[in-house]
Amino acid sequence: MQPKIQVKNVTKIFGDHPEQAFELLEQGLGRKEIQQRTGQTVGIHDVNFDVDQGEILVVMGLSGCGKSTLIRCLNRLIEPSGGQVLIDGEDILQLNQKDLLERRRRKFGMVFQNFALFPHRTILDNTAFGLEIRGTTQNERREKALEALELVGLDGWENAYPSQLSGGMQQRVGLARALAADPDILLMDEAFSALDPLIRRDMQNELLNLQARMKKTIVFITHDLDEALRLGDRIVLMKDGYVVQIGTPEEILSSPASRYVERFVEDVDKTQVLTAGAIMRDAPVLASPKDGPRIALRRMEQESFYCSFVVQRDGTLEGYIWADDAAEAIKRKEKTIEGLIQRDHQPVKPDEPISTLIQMLADTRIPVPVVDDQGRLVGTVVKSNVLAALADNQPDREEQEDDAAGGEGGGDEKAPAESAAP
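Residues numbered from 1 in each chain as written. Predicted model: local features only at pLDDT ≥ 70, side-chain atom pairs only at ≥ 80, totals over all residues. Heavy atoms only, no water.

Enquirer: Help me understand the domain arrangement of the protein chain in this model?
Expert: A common way to express how large an interface is: the accessible area buried when the components associate. You can read the domains of the protein chain as domain 1 (5–247) and domain 2 (277–390). Taking only C-alpha atoms, the centre of domain 1 and the centre of domain 2 are 46 Å apart. (Domains from an automatic or database assignment.)

Enquirer: How should I be thinking about the packing of helix α8 (residues 167–180) against helix α9 (residues 197–214) in this particular structure?
Expert: Pairs of packed helices are described in terms of their axes, by the angle between the two and the distance that separates them. Taken N-terminus to C-terminus, the directions of α8 and α9 make an angle of 20°; their axes are 10 Å apart at the nearest point. Comparing their axes, α9 and α8 come out roughly parallel. Viewed along their axes, α8 and α9 form a crossing whose handedness is right-handed. Every residue of α9 that contacts α8 at G168, Q171, R172, L175 and L179 is listed here: I199, D202, M203, E206, L210 and M214. Residues of the contact of α8 with α9, tallied by class, amount to six nonpolar, two polar and three charged. (Axes fitted to C-alpha atoms, helices over the stretch in contact; angles between N-to-C directions. Helix = DSSP H or I, 4+ residues; strand = E, 2+ residues; numbered from the N terminus. Parallel < 35°, antiparallel > 145°, perpendicular 65-115°, else oblique. Left-handed = near helix turned anticlockwise from the far one by under 90°. Contact = heavy atoms within 4.5 Å. Nonpolar A, V, L, I, M, F, W, Y, C, P; charged D, E, K, R; others polar.)

Enquirer: How should I be thinking about the sheet that holds strand β12 (residues 307–311) in this particular structure?
Expert: Where strands meet in a sheet, backbone hydrogen bonds hold them as pairs that are either parallel or antiparallel. If you walk across this open sheet you meet the three strands as β11-β12-β13, and the pairing is mixed. In this open sheet, the two strands that pair with only one neighbour each are β11 (286–287) and β13 (317–322). Note: β11 against β12, two bridges, orientation parallel. Bridge pairing links A287 to V310 in β12. Packed onto the sheet, helix α14 (residues 293–303) meets β11, β12 and β13 and runs at close to 75° relative to β13. Lying over the sheet, helix α15 (residues 323–331) contacts β12 and β13, oriented at roughly 75° with respect to β13. (Pairing = 2+ DSSP bridges.)

Enquirer: For this particular structure, what's the right way to read the nonpolar core?
Expert: One broad rule of soluble globular proteins: the nonpolar side chains tend to lie buried together. Membership of the largest hydrophobic core comes to 63 residues, with the highest contact counts inside it found for L175, M188, F220, L357 and V381. Mapped onto the domain boundaries, this core takes at least three residues apiece from domain 1 (5–247) and domain 2 (277–390). For F220, the contacting residues outside a window of four places in its chain are L57, V58, V59, M188, A191, F192, L207, E227 and L231. Counting 29 residues, the second largest nonpolar core, distinct from the first, contains V10, F49, L74 and L95. (Core = buried A, V, L, I, M, F, W, Y, C linked by side-chain atoms within 4.5 Å. Buried < 20%, exposed > 50% of the residue type's maximum accessible area, 1.4 Å probe, protein only.)

Enquirer: Looking at this structure, I do not really get the pattern of salt bridges. What am I missing?
Expert: Where side chains of opposite charge bring their charged atoms close, a pairing between them can arise. Tallying each qualifying case throughout the model produces 24 salt bridges. Salt-bridge contacts for R76 lead to E79; the nearest nitrogen and oxygen are separated by 2.8 Å. Linked through salt bridges whose partners overlap, the residues forming this network are K4, D88, K107 and D184. (Salt bridge = Lys/Arg side-chain N within 4 Å of Asp/Glu carboxyl O.)

Enquirer: What should I look at first to understand the sheet that holds strand β1 (residues 5–14) in this one?
Expert: As summarised here, the arrangement of the four strands in space is β2-β1-β4-β5, forming an open sheet in which the pairing is antiparallel. Looking at strand neighbours, the two that pair on one side only are β2 (41–51) and β5 (90–91), the edges of this open sheet. Looking at chain direction, strand β4 (residues 82–87) and β5 are connected through two bridges and run antiparallel. The partner of L86 across the bridge, within β5, is D91.

Enquirer: How should I be thinking about the pairing of β13 in this particular structure?
Expert: Remark: a regular strand shows side chains that alternate across the two faces of the sheet. For β13, the tally of buried residues reaches six of six residues, placing the bulk of the element in the interior. As consecutive antiparallel partners, β12 and β13 are separated by five residues, and within that stretch G315 has a phi angle of approximately 95°, a positive value.

Enquirer: How should the environment of L195 be read in this particular structure?
Expert: Within the element layout of this structure, L195 appears in the loop between β7 (185–189) and α9. Residue class for L195 comes out buried when judged on its relative accessible area of 9%. A sequence separation of 81 residues divides L195 from N114, and the C-alpha atoms of the two residues are 9.9 Å apart.

Enquirer: Help me understand the environment of S166 in this model?
Expert: Of note, S166 is situated in the loop between α7 (138–151) and α8. Among the residues examined, S166 registers a relative accessible area of 35% and is labelled partly exposed. Distance in space between the C-alpha atoms of S166 and L195 is 9.8 Å, their sequence separation being 29 residues.

Enquirer: Where do I start with helix α16 (residues 354–362) in this structure?
Expert: Helical geometry note: an α-helix holds 3.6 residues per turn, so side chains three or four residues apart project in the same direction. Taken residue by residue, α16 has I354, L357, M360 and L361 as its buried positions. An end-on view of α16 places all buried positions within 105° of arc, on one side of the element. Among the structural elements, α13 (276–279), β14 (368–371), β15 (377–381) and α17 (383–390) are those in contact with the buried residues of α16. (Arc of directions from axis to C-beta.)

Enquirer: I keep staring at the environment of Q164 and nothing clicks. Help me out?
Expert: As for its placement among the helices and strands, Q164 is situated in the loop between α7 and α8. Among the polar contacts made by the side chain of Q164, one reaches the main-chain amide nitrogen of Y161 at a distance of 2.8 Å. (Polar contact = N/O pair within 3.5 Å; in protein donor to acceptor, adjacent residues only side chain to side chain.)

What follows is the structure, given as C-alpha cells:
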C-alpha cells in the first residue's frame, strides 16, 4: 500500500543564497560552520521518511533540531529548498499556489501550541473557521462544528468564548477546529506543550481515543520523550537538522542507533514502554490435548522444562501441564493428557507493558503466555526476558570511539536462556 506521506531528501536552507550552503553540505560541513562561512542557516537536510495511512508519527528532538521547520515543509507553510513531499503520491512542491491552497484546505488540519483562537468568536465559530474559509454553507458549518466539539468532549460549550475556557479546553477547541474540516492528515506542532502536566496527560489520552475511532494520519511534533513514546507508532529523532534514528518506541529504547540516542533515552521508565511482544520468545515445548503423557513428558525432559503449554492444532492456547503430573499419569496408564491440563494461566496480548508482567511473574511459577486476538499462543515471557530488557546496555570502548568519530553504535544483548520454564 502506498504511504500517505512520503518525504524524500527534503532540505530547507534559510537565507538568500541557499546554493552556497548546498555546496558546503556536499563537502560534509556542519550547520554551524556553514552559517559562519555563508550566513545561510541549515534548517533541515536530507530528511527521508514515510507515514502510513492511520499512523501517528512523532518527530522529536531538542530545541533547534529542525522539527518545527520539517512539519511546516509538509504543507509548504515553509518552502523546502529541495526534495519531494508526496501526499497520496502527488508532489505538493510542484503545485501552483491555487492548487496548494486547495490541498491545504482539503487534506491538512493543523493544531498549534498557542491555541490560535479568535477571542471575539464563540467556540462554535472558532471551530467552524476552517469550513468558513473553505466556503461551506452556514448550516453545514454548524453541523460539522457541533460534531467535532462533541468528539473532543466540549458539547454544550459552543456559545462560550475562549476566555471562559481553561487552557486544556482551549486546546480541545483547536483540535476540534482541525477535525471539523475532516482532513486526511493532522499536523500537530507541540500541541500540548503549553498545558499543565495533568491536563497534558488528559489530552494525550483524548488524542489516542480519537485516533482509535477516526484513524487519521498524524504527524506530531514534541520535545518531550515521554510524550513521544506514549503517542507514537513510530518516532523520528532529529539532531541539528538531520534524522538520527527512525523506529518504534521499543526500537528506539532497546536499539539506540548512537550514543546521542542512548543519552536521550537513558532516563526513560522502560517498564511503561517495552511490551510483551518486544521481549517474548517462542515456547520451546508444546503439547496437544490428545498427546499421551509419555510423549509430553519426554519432550519436557529433552528440553529440561518442568511444564509445557498445551495448544490446539490451530495454536489456540488450552492451558499447561506439569511434568510431575505427566509422570503420575504414566503410572496410572492414562492415554492422553486432557485430564492434566491446568487452566489458571493468565495470558496477555503482545502490547501489554512489561510493568504488568513483573508482578505476574512474581506471582506464578509458569511463564506468562502471550496470545493474539484469536487466543493463539505467539510466545512466552520469563523473568530473564524482563531483566535483560531492563538492563542498561552500555556501549563498549569500540562503540564509544565510533560515536566520537561520528559513527553509529548501540544495540542490545540477547536475553539469556532460562531453563526450567518454557
